[in-house]
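# Analysis of the macromolecular model
Spelled out from the first residue to the last, the chains are:
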Amino acid sequence: MPRRNSNFPSIPLVATIDIGTTSARAILFSDKGQEIAKHQIEYSTTASEAPEHSQNTDQFRRRSSLLRHDEPIFSAEGIAISIEDNVEIENNRSSVGPTLRFPQPGWVECMPVHILANAVQCLVACLITLRKINQNPNLKVKYKVKCIGIANMRETTIVWSRRTGKPLSGGITWTDVRTAEIVQHLEKMIDEDRKAELREKTGLPLSTYFSAAKLRWLLDNDDTIRDKYERSDGDLMFGTVDTWLIYHLTKEKTFVSDITNASRTYFMDLETQDYDDDLLDFWGIDPTKIMLPKIVSSSEFYGSFAAPNLSNLGFHNKITQEAYDILKTITGVPICGCLGDQSASLVGQLAFNPGSAKCTYGTGCFLLYNTGSRKLISKHGALTTFGYWFPTQDGDKGKPHYALEGSIAVAGSIIQWLRDNLKMIENAKDIGPLASQVDNSGGVVFIPAFSGLYAPYWDRGARGTIFGMTQYTSASHIARAALEGVCFQVRAILKAMANDAGSSGDFLEEALSSQSESKPLLHLATDGGMSKADEVLQIQADILGPCVEVKRAQISECTALGAAIAAGLSFKDPEERIWRDLEDVVDKIEEKDEVLSNTFKAQLPDADRRKNWKRWERAIERAQGWLQDED
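Keep in mind that this is a model prediction, so the values were computed, not measured.

## Details of the pattern of salt bridges
Using the criterion set out here, one finds 35 salt bridges in the structure. A salt bridge links D233 to R231, with the nearest nitrogen and oxygen atoms 3.7 Å apart. Overlapping salt bridges, with partners in common, bring together R154, E155, R264, D341 and E405 in one network.

## Some thoughts on the sheet that holds strand β20 (residues 365–372)
Taken in spatial order, the seven strands line up as β21-β22-β20-β19-β25-β26-β27 in an open sheet, and their pairing is mixed. Both edges of this open sheet fall to β21 (383–388) and β27 (599–600), since each of them pairs with a single strand only. Where strand β19 (residues 356–361) and β20 come together, five bridges link them in antiparallel fashion. When the sheet's bridge partners are listed, K358 is paired in β20 with L368.

## Section: helix α5 (residues 211–221)
Because an α-helix completes one turn every 3.6 residues, residues spaced three or four positions apart along the sequence face the same direction. Where burial is concerned, most of α5 is hidden: nine out of the eleven residues are buried. Where α5 is buried, its residues touch β10 (158–161), β11 (171–172), α3 (180–189), α6 (223–231) and β12 (236–239).

## Overview of the pairing of strand β2 (residues 9–19)
The element β2 is extensively covered by neighbouring structure, given that nine of its eleven residues are classed as buried. Two strands pair when backbone bridges link them, and β2 and strand β9 (residues 142–152) are joined in this way by ten bridges, in the parallel orientation. Note on β9: the bridge partner recorded for S10 is K142. As defined by bridge partners, β2 adjoins strand β3 (residues 23–29) across six bridges and the pair is classed as antiparallel. When the sheet's bridge partners are listed, T16 is paired in β3 with I27. Remark: three residues form the turn of the hairpin made by β2 and β3, two consecutive strands paired antiparallel.

## With respect to the nonpolar core
Counting 60 residues, the largest nonpolar core has Y361, C365, L367, I447, V490 and L524 as the members making the most contacts within it. In terms of residue count, helix α14 (residues 475–500) provides more of this core than any other element does, 13 residues in total. Sequence-distant contacts of L367, defined by excluding residues within four places in its chain, comprise K358, C359, L404, E405, G406, I408, V490, I493, L494 and M497. Ranked by size, the runner-up nonpolar core spans 57 residues in total, among them I36, C126, I128 and W160.

## Considerations on the confidence of the model for the protein chain
Do not read the predicted coordinates in detail wherever pLDDT is low. When pLDDT is averaged along the protein chain, the result is 83; 85% of the residues meet or exceed 70. A low-confidence stretch, residues 48–95 stays under pLDDT 50, and its non-local contacts, those more than four residues away or across chains, total 92 contacts. Contacts from residues 511–517, a stretch scored under 50 in pLDDT, to residues over four places away or in other chains number eight contacts.

## Description of the side chain of Q489
With respect to the secondary-structure elements, Q489 resides in helix α14. Judged by its relative accessible area of 3%, Q489 falls in the buried class. A distance of 3.2 Å separates a polar atom in the side chain of Q489 from the backbone oxygen of G485. Leave out the neighbours within four places in its chain, and Q489 touches I408, V410, P448, L453 and W616.

## What about the side chain of S169?
Within the secondary structure, S169 sits in the loop between β10 and β11. Here S169 falls in the buried class, since its relative accessible area comes to 17%. Leave out the neighbours within four places in its chain, and S169 touches P112, V159, L218, D222 and I225.

## Notes on the sheet that holds strand β8 (residues 109–110)
Reading across from one edge, β7-β8-β11 is the order of the three strands in this open sheet, with antiparallel pairing throughout. Each edge of the open sheet is held by one strand with a lone partner, namely β7 (100–101) and β11.

## Notes on helix α7 (residues 241–249)
Counting buried positions along α7 gives nine out of nine residues, so the element sits mostly inside the fold. Those residues of α7 not exposed but buried are V241, D242, T243, W244, L245, I246, Y247, H248 and L249.

## Comments concerning the packing of helix α12 (residues 412–420) against α14
Each pair of packed helices can be described by the angle between their axes along with the distance between the axes. Running from N to C, α12 and α14 point in directions that differ by 160°, and their axes come no closer than 9 Å. In terms of their interaxial angle, α12 and α14 are classed as roughly antiparallel. Along this stretch, α12 crosses α14, giving a crossing that reads as right-handed. Between α12 and α14, the contacting residues are I414, I415 and L418 on the first element and I478, A479, A482, L483 and V486 on the second. Partitioning the contact of α12 with α14 into residue classes produces eight nonpolar, no polar and no charged.

Quick notes on the rules
- Residues numbered from 1 in each chain as written.
- Predicted model: local features only at pLDDT ≥ 70, side-chain atom pairs only at ≥ 80, totals over all residues.
- Heavy atoms only, no water.
- Salt bridge = Lys/Arg side-chain N within 4 Å of Asp/Glu carboxyl O.
- Pairing = 2+ DSSP bridges.
- Helix = DSSP H or I, 4+ residues; strand = E, 2+ residues; numbered from the N terminus.
- Buried < 20%, exposed > 50% of the residue type's maximum accessible area, 1.4 Å probe, protein only.
- Contact = heavy atoms within 4.5 Å.
- Core = buried A, V, L, I, M, F, W, Y, C linked by side-chain atoms within 4.5 Å.
- pLDDT = per-residue confidence, 0-100.
- Polar contact = N/O pair within 3.5 Å; in protein donor to acceptor, adjacent residues only side chain to side chain.
- Axes fitted to C-alpha atoms, helices over the stretch in contact; angles between N-to-C directions.
- Parallel < 35°, antiparallel > 145°, perpendicular 65-115°, else oblique.
- Left-handed = near helix turned anticlockwise from the far one by under 90°.
- Nonpolar A, V, L, I, M, F, W, Y, C, P; charged D, E, K, R; others polar.

Structure below.
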């Protein structure tokens, strides 16, 4: 029902800021999950910089600027809106520079102020779209932003000054591997019992992936940060991207981190949901010398929105007064939802029940398996993390929900490889039609372990391998085998996770009719580029078998939607919420007809499925250890 204020009937919207690894976006969602306005920015990088004195320099600066738009934005109402004159950068010779930098091989840095500026720009663009929509005389009601949610890339580490608010170095992203020596040293220094103890507390292995090693590297190698740390003057602040954004976008300068992000730092105990002195000591971090954000739930009031002064943070280009004026229309709106990106995708896929799982098919694959309020430490190579924590919900639904997580290094990138290296296809979208020209892979097994095998095999020495080729083998067989190679790895991870969750034997091999109502896996929700192809999802369903349905996301931006749901559920008064509870979320967002048309069930006979899986396992055995030292 429309909400009313003293001026006109209004429909509440949730604004989401979604900060990814290579792009940022803002989206305004209705309670039906509809995108009312959206704007996205692809990051500029050092790899795409033009020479300083190139004749194309001005054109490059205009194209790569964070705070200028030259192309129309299309709203959910189909109205084309140009905001070229509304968000204008000053004429200034100094460009804002790239958002992502690659200063050395294996190093990946983001510029924290640019990330913040991206968020501001995307919000401004959406609000301008919204203003245009609300000016439509045919609208009987107006839209109004009621709350704000944040989704973000996890593990990325930022250190900044409390006094100035400025970052003291580039942010070290989750993909950065400069900390490899630190991690390898620690692995050699501790025995297996200590590793198991750390894994029990954190749910994580020692890895360059997580924030702790990145902070340790900054304290060891950045002179400014090290000096401030040693002076212990209370000026040093640490946070991940969620903390950085909330701190700078709230009037209160709120210094918090939601549990799904904090659990990826390697500083938090999964049981206590707080920082652990033993873990901090393990990494040599003194919390009296550097401030750590308060760990909070995924859905509560963090602070009131206030536009940051970007110029005070050293940002060279400024947005216009008109842009700041339109940001004033959401000043005071609560920021009250926050989730790390993979958890946000789990929520956006509406995978709320224990036993639900989601798979995002991006460049690689990320799988999250909802285990409810049970903390399960994987015995089969998965990570333990938090899915979400919505304390306004009743009973167990209001408790922190854990998840098992697994990743696959190569997914969508195998399609790029077939396109760019083997020239089998001209466009990525051609992979489905090519693979569907044959009914099966003709005995070919393709293990796409270009950089080793991740969960559940964890073999750095494995390499990409193709088995079973004959003169009969065609490009279609290889293309189909490549897609199957991704889907077989998804099956392996889900099998391992279900076994961690207490399934006896291989539940994927059990007949559907013999299963109890409490299945170890209810369904697999999918999103990401590869999931757009029906052929991929049918292959996935055939490999998983009749026990598991594969469902494609109704809403492509499910990561942003997840953060919107977190914000919309945050109000203590149910009447104030965008959605009263999780059941209301499902009822309003899930379109039953859409679910049916986007659900895929196994069509392959069980005997063929079992034979193919055994063939895959034999191929895995032979591909592993390819780079082992030889005499």
